[in-house]
Amino acid sequence: MPIELPARRPSEPPPVRRPLQSLALLGVSALLGIVLLAVFIGRREGVGLTELPSARPVASLGFRAEDRPDGAVELVGAQDNRLVARIAPGEGGFVRGTLRGLAQARQREGLGPEQPFTLTRFDNGTLALEDAATGRHVALEAFGATNAAAFARLLPGNEVQEGRGRP
């Protein structure tokens, strides 16, 4: 007959304390709290934001862009249907590309060419091209002075540009 010894339950080891992990978790939590507080205060107070002074429009032109069978693009005044500019094939790359991008955005949204684009010069010298149909706004000075000047020539006070002129 076998002899049974009383079974001893091994005692459970005491829980391991990890002071470094607790301290690291506390540090990360504190850092996250400080960052969130800084972002909240910064947004509320406008810290680090650059704001341009408000500008007033001094010249404006509403126009529609019409593709022609020969590859030209004619810009026609929205109010009087007068020819504002004719961009010959291979000419006016920036104007043509910008208008094409806006027209494609209209097509994606199922909109037609009926509503005109609006080109505006402001008293601080900046130019903006807006498409009220899609809500898009292009700050033209962001593309450099030469490209902005291509649109500036379209504003009132300039003669109709035909043929090889580069609007």
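Conventions we followed
- Residues numbered from 1 in each chain as written.
- Predicted model: local features only at pLDDT ≥ 70, side-chain atom pairs only at ≥ 80, totals over all residues.
- Heavy atoms only, no water.
- Helix = DSSP H or I, 4+ residues; strand = E, 2+ residues; numbered from the N terminus.
- Contact = heavy atoms within 4.5 Å.
- Areas by Shrake-Rupley, 256 points an atom, 1.4 Å probe, with all protein chains shown as cover.
- Buried < 20%, exposed > 50% of the residue type's maximum accessible area, 1.4 Å probe, protein only.
- Pairing = 2+ DSSP bridges.
- 1 Å grid on protein atoms, 1.4 Å probe; cavity = no way out; pocket = protein on both sides within 12 Å on 5 of 7 lines; lining within 4 Å.
- Points joined across faces, edges and corners; volume = space filled by probe spheres on them.
- Nonpolar A, V, L, I, M, F, W, Y, C, P; charged D, E, K, R; others polar.
- Expected span 1.5 Å × (residues − 1).
- Axes fitted to C-alpha atoms, helices over the stretch in contact; angles between N-to-C directions.
- Parallel < 35°, antiparallel > 145°, perpendicular 65-115°, else oblique.

Asks: Requested: an account of the overall build of the chain, with residues and values cited.
Replies: When helices and strands are counted, the chain shows three helices and six strands. Of the regular secondary structure in the chain, the N- to C-terminal order runs α-β-β-β-α-β-β-β-α. Here the contacts in the chain between residues at least 6 apart in sequence split such that 47% fall between residues at least 24 apart. Carbon and sulfur atoms form 57% of the exposed surface of the chain, whose accessible area is close to 12300 Å².

Asks: Lay out the pairing of strand E3 (residues 83-87) in plain terms, naming residues and giving numbers.
Replies: In terms of residue burial, E3 counts as a mostly covered element, since four of its five residues are buried. Of the strand pairs in this sheet, strand E2 (residues 73-77) and E3 are connected by four bridges, and their pairing is antiparallel. Bridged to Glu74 within E3 is Arg86.

Asks: Outline the layout of surface pockets, supporting the account with residue identities and numerical values.
Replies: If you add up the space inside the largest pocket, you get close to 350 Å³. Around the largest pocket, the lining comprises 17 residues; the ones closest to its centre are Ala65, Asp67, Leu99, Ala103 and Pro113. Every element with two or more residues in the lining of the largest pocket is listed here: strand E1 (57-67) and helix H2 (93-108). Here the lining of the largest pocket gets seven residues from one element, more than from any other, and that element is H2. A class-by-class count of the residues in the lining of the largest pocket yields seven nonpolar, four polar and six charged.

Asks: Which residues make up H2, and what values go with them?
Replies: If you check H2, its first and last C-alpha atoms are 22 Å apart, about what 16 residues at 1.5 Å a residue would give, namely 22 Å. Looking only at H2, the buried set comprises Phe94, Val95, Arg96, Thr98, Leu99, Leu102, Ala105 and Arg106. Immediately beyond the C-terminal end of H2, within one or two residues, lies Gly110, with a positive phi of roughly 75°.

Asks: Tell me what's going on with the packing of H2 against helix H3 (residues 145-152), and back it up with residues and numbers.
Replies: The geometry of H2 relative to H3 is characterised by a closest axis approach of 9 Å and an angle of 75° between their N-to-C directions. As far as their axial angle goes, H3 and H2 are roughly perpendicular. On the side of H2, the interface is formed by Phe94, Val95, Thr98 and Leu99, while H3 contributes Asn147, Ala150 and Phe151.

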